[in-house]
Amino acid sequence: MSFETHPYTADMARPRLSERLREGCRSLWQRQMEHPFVVALGNGTLPSANFQFYILQDALFLDELTKTFAYATTKTTNHEEMEQFGTFVLNTLLVEADLHHRYGERFGLSPAEMTTIPMAPTNYAYTPHLLTIATVGTLPELLTAILPCAWIYAEVGHHLLDTVPPAPDHPYRDWLLTYASPDFDSVGTWIRERLDQRAPFLNAQEEARLHEIFLTSTRYEWLFWDMAWKMEEWP
Ligand SMILES: Cc1ncc(CN)c(N)n1
């Protein structure tokens, strides 16, 4: 029977799957907020060289994330889901990439020049993790792989904005406002809803695989901050 024809029979007493996934890596989740790159991004003391490094790497990352969303459209026959994944493709290109290109302009780089920078090692490892699951994984696996991307950025954005409300001349104000926005929140919320709806149809082995995937993406998200903080290089 397909997902669409099953009744949704959630066990109301049990935390939702998305909450169980996050609970499984709670301390690493908290450490995202405390990473020196994140702290300095929030209070505006992050050296511009680190931010530039981050934005250029993230522009490359977003291209691969866009492709991941595009693959997601092939894993469902539900039109609402197809449309939403299509919207994520467009928003990643138009909203997030536009933010990056505006910062790129500040560094004197055109969008085309931004793509000539090679991927740093962590980025080079993280993006195939997403794309492999996008191509050979199931839709719950894909949703799980991309969930930390959306959820961590929204939480980091809100956490930083609440900790130090950015002054009008804060150098990273646009970044903070983008990721703390209700529009960005809705990405993570939607992915979680879709994943949680599928939870009753997963067996123990399938759920264990989702924990593994979620932890790996969460680890890569932490490593991504660390990569930019250390301006990671190839040997
Ligand atoms: C590495 C990374 N992860 C997540 C996001 C938010 N889409 C991002 N821009 N970059």
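Residues numbered from 1 in each chain as written. Predicted model: local features only at pLDDT ≥ 70, side-chain atom pairs only at ≥ 80, totals over all residues. Heavy atoms only, no water.

Trainee: Explain the pattern of salt bridges to me, please; I cannot follow it from the model alone.
Mentor: Pairs can form between side chains of opposite charge whenever their charged atoms are close. Summed over the entire model, instances satisfying the criterion amount to eleven salt bridges. Salt-bridge contacts for Arg22 lead to Glu155; the nearest nitrogen and oxygen are separated by 2.5 Å. Taken as a pair, Arg22 in helix H1 (residues 17–23) and Glu155 in helix H8 (residues 139–163) lie far apart in primary sequence, 133 residues in all. Classification of Arg22 as partly exposed rests on a relative accessible area of 26%. Across the salt bridge formed by Lys67 and Glu64, the nearest N and O atoms sit 3.1 Å from each other. Remark: Glu64 and Lys67 occur in helix H4 (residues 48–72); sequence separation between them is three residues, near one turn of the helix. Residue classification places Lys67 among the partly exposed positions, given a relative accessible area of 42%. On the accessibility criterion, Glu64 (15% relative accessible area) is buried. One network of salt bridges, in which partners are shared, links Glu80, Glu81, Arg194 and Arg198. (Salt bridge = Lys/Arg side-chain N within 4 Å of Asp/Glu carboxyl O. Helix = DSSP H or I, 4+ residues; strand = E, 2+ residues; numbered from the N terminus. Buried < 20%, exposed > 50% of the residue type's maximum accessible area, 1.4 Å probe, protein only.)

Trainee: What exactly am I supposed to notice about the site of the ligand here?
Mentor: Looking at the ligand, the residues that line it are Asp58, Phe61, Leu62, Leu65, Glu96, Cys149, Tyr153, Tyr179, Phe184, Glu221 and Phe224. Between the ligand and Asp58 there is a distance of 2.6 Å, counted from a nitrogen atom to a side-chain nitrogen or oxygen. One nitrogen or oxygen atom from the side chain of Tyr179 is found 3.2 Å from a nitrogen atom belonging to the ligand. Summarising the interface, the protein chains cover 99% of the accessible area of the ligand, which totals 290 Å² for the free molecule. More than half of the atoms belonging to the ligand lie within 2 Å of the grid points that define the largest pocket. Of all the elements in the fold, those that place two or more residues in the shell around the ligand are H4, H8 and helix H11 (204–230). Of the residues forming the shell around the ligand, the biggest block, four residues, is contributed by H4. Residues that form the shell around the ligand fall into these classes: eight nonpolar, no polar and three charged. (Near = heavy atom within 4 Å. Polar contact = N/O pair within 3.5 Å; in protein donor to acceptor, adjacent residues only side chain to side chain. Areas by Shrake-Rupley, 256 points an atom, 1.4 Å probe, with all protein chains shown as cover. 1 Å grid on protein atoms, 1.4 Å probe; cavity = no way out; pocket = protein on both sides within 12 Å on 5 of 7 lines; lining within 4 Å. Sits in = over half its atoms within 2 Å of the grid points. Nonpolar A, V, L, I, M, F, W, Y, C, P; charged D, E, K, R; others polar.)

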